[in-house]
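Read off the chains here:
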Amino acid sequence: MSNFKELKSYQTGDMVIHYWIDEKNIVGMSINPSKIDHETASRRINLNDEHTVKPLHDVFKVDFPACTLENLVQIKIVGDIHPTGFSGGTSMRNSASTEDLKFKNQNLSIAGEKHTITTELEDRRGISAFHYLCYWPNRPFIEVFTEIVNGSRSTISLEMVSSFSLGGISPFQQDEAIGKYNLHRFSSTWSAEGRHESLPIESLNLEKSWNGHGVRSLRFGQIGSMPVKHYFPFAALEDKQYEVFWGAQIAHPGSWQLEVYRKTDMLNMSGGLADREFGHWKKDLQPGSSLETPKAILSCCLGDIQNLTERMVRYQEFIHPPRPESEEDLPIIFNDWCTTWGYPSEKNILKLADRLENSEVKYLVMDDGWFNDRPGVQQGLGDWQISETIYPNGFANLCDTLREKGFTPGVWFELECCTEGSLMFDNTEHLIHRDGKVLQYGTRRFLDFRDPWVHEYLYEKVILMLKENKILYIKTDYNDSIGLGCDSPDSLGEGLREHLSAVQDFYRMMRLEIPELVVEICSSGGHRLEPSWMALSSMGGFSDSHEGLDIPIIAANTQMMIPARQNQVWAVLREEDSLSRLHYSLSATFFGRMCLSGDIHELNKPQMDTVKKAMKMYQDVKGAIREGFSRRYGTTLLSYTHPTGYQAIVRTNDKKDEAFVVVHSFRNSPSAVSVPLEAENWEIAGFYMEKHLSVSADKNALFISGLKDFNGLIVSLKSKNHV
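Residues numbered from 1 in each chain as written. Predicted model: local features only at pLDDT ≥ 70, side-chain atom pairs only at ≥ 80, totals over all residues. Heavy atoms only, no water.

Q: Could you clarify how one ought to interpret the sheet that holds strand S31 (residues 567-573) in this entry?
A: Strands pair in a sheet through their backbones, by hydrogen bonds, and they do so in one of two ways: parallel or antiparallel. With parallel pairing, the eight strands of this closed barrel are ordered in space as S20-S21-S22-S28-S29-S30-S31-S32. Sheet twist, expressed as the mean angle between neighbouring strand axes with direction ignored, is 30 degrees. Summarising the sheet, strand S21 (residues 361-366) and strand S22 (residues 408-413) pair through four bridges and their orientation is parallel. Each bridged residue has a counterpart across the sheet, and for Tyr363 the counterpart in S22 is Thr408. Against the sheet, helix H13 (residues 605-626) touches strand S20 (332-335), S21, S31 and strand S32 (593-598), its axis set at about 165 degrees to S32. (Pairing = 2+ DSSP bridges. Helix = DSSP H or I, 4+ residues; strand = E, 2+ residues; numbered from the N terminus. Axes fitted to C-alpha atoms, helices over the stretch in contact; angles between N-to-C directions. Contact = heavy atoms within 4.5 Å.)

As structure tokens, this is what we get:
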């Protein structure tokens, strides 16, 4: 028998936030879609009278087979009793440290549109946990984080603390709901980012044990300084019967974890910093000191996984600080990497600039090798000494010439690392150490950003160089991970957290020093596509899959995790490309920011005309890229590198009066497809496609016929009601 009651509830947009309290003064939290909050409660309370609507808190007064309130802050302090239920090595939730946290007070503060609910918990030693939940009325997301304050007289060592803990999933089921729950995740590896994974919780061994004693836990995440190298920091639970989704995303540049936990009928989900068992993290807090966790983004909704991810992407758009003025027009980028392969000399860059002059390309980015005439790429990094040999007229003169031709010059840095062949490589005093030894992966070592000397050094080498050459675009790459952490008095994991916090401080300083600087975040492609990095950048590189057939698949994946206006997608154009291949490659860039590379200076007139038409179409639809929402249709794909079937993405602007459709056919494609249009009364405004294709639209679908394997096309739409 459950024995807790509602402490308080808050309505925000189409969600209801519930706080619950039991007789032990434990406080838990749940969120639900407001549309079925009361409707489904009535069905659960009285299955014989579905018309009787009762408050949701009455749901928790029925006799559940098993229903336990779990604390909205999960914490473990060294020396306290570990949790039971065979959870050692599997979960640190529900330890004695957590059970000792009792409700003290709750208050709501309002500053402009932002509403903050602060729930204070305290244990018998005087250790306080402040749980902050921020919401903005009518926004489809909430933000949660935790602050631990050591009010005791002794130093304590934290070995786990959650950013959020969400319980009561699902309140719309009256038992353990066999076959009714799915877990959704997005896996990620090099050049295959964002594969959607949906699995029944039973297949993950998350069924309740026969008597509710044994803990069921799935704890997963990422260890190191590439936060999207294994999974995106995202998870969602789905009640399939009622089509309700609960989702969470962690905004953190380093090691993180998410955990789906079950001991009773209901599922619980928590996450934040990777804990001691999972991420080698432990943090000492002196009396009077505190720790604030990374932010978690939460949402819930009716519908499907795309409805949920769209809501959470909206958070990233909402909290982003002002962007450089140049970014409002979503300029097209050309990057020389797949053209010069690390040798962007003055001669090579001017050849590209001459071909691209008077085109829609505005950012011309010189990638690795722009600074050095060394043999081989990504070697000798760290000194950032500009070669005079490859710039006979001076690097500043080249930048001036590019500006005269109408371009914003851009340069590549891997500023957090150094490699063999540089003086910095042997300057070990200022590098990351583990176990007292310089940390090296392959040919890379890592600058220690906790060291003030590193900030001063990079201020001169990066910020002053950008200022002196009037460069307003920087691509910052990062091509290996620190792994489990680095030396720190507290723990390896805490050393990693401190270091990455200082890294992001340097990025903030770049923007402060050069407000109009456009920052592109890259990490071997897409290994940093998470909210805290996206908040520091104008764009993120979607992947390193620059020339594969899987590009449109990966680009559609990453658009579900970050805003489209930040999703930089490459089209590498080759002299030997057919017009069909050019359409296929260029159409993929409409999933975000168009970035071109390759043999642009070698293309013939029909090829170049195809590129120019794509750029013109991009200008026509970029309003929906900047502010809009997407829906994905097509074949369920097994292989990315050998895809079969087709994929269609419908992108609609926020006003719902303009849209465009991106279609890619793969091997064994159907010759004709019908793409649903959620609104009615659309008419075709333009298209970018080959002559053998034909398109037509009725009031709620777009029809494409004549498809062959590996076609790519764009169709723009306008509402017939548009004035």
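Q: Explain the packing of helix H8 (residues 452-468) against helix H9 (residues 492-513) here, please?
A: Each pair of packed helices can be summarised by the angle the axes make with each other and by the distance between the axes. Interhelical geometry of H8 versus H9 gives an angle of 30 degrees and a closest axis separation of 11 Å. By the angle between their directions, the pair H8 and H9 is classed as roughly parallel. Read as a crossing pair, H8 and H9 show a hand that is right-handed. Across the interface between the two elements, His455, Leu458, Tyr459, Val462, Ile463 and Lys467 of H8 pack against Ala502, Phe506, Met509, Met510 and Glu513 of H9. Residue composition of the contact of H8 with H9, by class: eight nonpolar, one polar and two charged. (Parallel < 35°, antiparallel > 145°, perpendicular 65-115°, else oblique. Left-handed = near helix turned anticlockwise from the far one by under 90°. Nonpolar A, V, L, I, M, F, W, Y, C, P; charged D, E, K, R; others polar.)

Q: What is the right way to read the nonpolar core from this model?
A: General note: in soluble globular proteins, nonpolar side chains tend to be found buried as a group. Grouped together as the largest cluster of nonpolar side chains are 134 residues, with contacts concentrated most on Trp370 and Leu596. Element by element, the count of residues in this core is highest for H13, at nine residues. For Leu596, the contacting residues outside a window of four places in its chain are Ile332, Ile333, Phe334, Asn335, Val361, Ala571, Leu586, Val611 and Met615. Ile75, Phe164, Ala248 and Val260 belong to the second-largest nonpolar core, a separate cluster that totals 57 residues. (Core = buried A, V, L, I, M, F, W, Y, C linked by side-chain atoms within 4.5 Å. Buried < 20%, exposed > 50% of the residue type's maximum accessible area, 1.4 Å probe, protein only.)

Q: Please explain empty space enclosed by the protein as it appears in this structure.
A: On inspection of all chains with the given rule, the structure shows six cavities of 30 Å³ or more. Its boundaries defined by the atoms lining it, the largest cavity holds a volume of some 160 Å³. As for the largest cavity, its lining consists of 17 residues, and the residues nearest its centre are Thr309, Glu310, Gln559, Met560 and Ser630. Ranked by residue count, the leading element in the lining of the largest cavity is helix H4 (residues 305-319), at five residues. In terms of residue class, the lining of the largest cavity is made up of seven nonpolar, five polar and five charged. (1 Å grid on protein atoms, 1.4 Å probe; cavity = no way out; pocket = protein on both sides within 12 Å on 5 of 7 lines; lining within 4 Å. Points joined across faces, edges and corners; volume = space filled by probe spheres on them.)

Q: Help me understand the pairing of strand S3 (residues 27-33), please; the structure alone is not making it clear to me.
A: Walk down a regular strand and you will see the side chains alternate between the two sheet faces. The buried count for S3 comes to seven of seven residues, which makes it a mostly enclosed element. Both faces of S3 are covered, namely the face carrying Val27, Met29, Ile31 and Pro33 and the face carrying Gly28, Ser30 and Asn32. Relative to S3, strand S2 (residues 15-22) runs antiparallel, the two being bridged by seven bridges. The residue bridging Val16 from the neighbouring strand is Asn32, located in S3. The turn joining S2 and S3, which pair antiparallel and follow one another in sequence, is formed by four residues; a positive phi near 65 degrees is taken by Asn25.

Q: It is not clear to me how unusual backbone geometry should be interpreted in this structure. Could you clarify?
A: Note: most residues except glycine have negative phi, and most peptide bonds are trans. A cis amide bond links Ile169 with the next residue in sequence, Ser170, at an omega value of 5 degrees. In this structure, Ser170 sits in the loop between strand S9 (156-169) and strand S10 (181-189). Phi at Lys470 takes a positive value of approximately 55 degrees, unusual for a residue other than glycine. Within the fold, Lys470 resides in the loop between H8 and strand S28 (473-476). Although it is not a glycine, Phe710 sits at a positive phi angle of roughly 60 degrees.

Q: I tried to follow the environment of Ala564 on my own but got confused; where do I start?
A: Looking at the secondary structure, you find Ala564 in the loop between helix H11 (551-559) and S31. Ala564 sits 225 residues away from Thr339 along the chain, and the two C-alpha atoms are 25 Å apart.

Q: Help me out: how do you make sense of the pairing of S28 in this one?
A: Of the two faces of S28, the one carrying Tyr473 and Lys475 and the one carrying Ile474 and Thr476 are both buried. Sheet topology places S22 next to S28; four bridges connect them, and they run parallel. By the bridge assignment for S28, Val411 is matched with Ile474. Summarising the sheet, S28 and strand S29 (residues 518-521) pair through four bridges and their orientation is parallel. Note on S29: the bridge partner recorded for Ile474 is Val519.

Q: It is not clear to me how the packing of aromatic side chains should be interpreted in this structure. Could you clarify?
A: Both the distance between ring centres and the angle between the ring planes are used here to describe each pair of aromatic rings. Under the counting rule described, the total for this entry stands at 30 aromatic pairs. Ring geometry for Phe4 and Trp20: centres 6.4 Å apart, planes at 75 degrees, overall edge-to-face. Here Trp20 lies in strand S2 and Phe4 lies in strand S1 (residues 4-12), a separation of 16 residues in the sequence. Take Trp20: its relative accessible area is 2%, and that puts it in the buried class. The structure contains a cluster of three or more aromatic residues connected by ring pairs, namely Trp370, Phe371, Trp384, Tyr391, Phe395, Trp412 and Phe413. Here the basic side chain of Lys295 rests over the ring of Phe145, its NZ or CZ set 4.7 Å away from the ring centre. Seen from the ring of Tyr478, Arg528 lies directly overhead, with NZ or CZ sitting 3.9 Å from the centre. (Phe/Tyr/Trp six-rings, centres within 6.5 Å; stacked < 30°, edge-to-face > 60°. Lys NZ or Arg CZ within 6 Å of the ring centre and 35° of its normal.)

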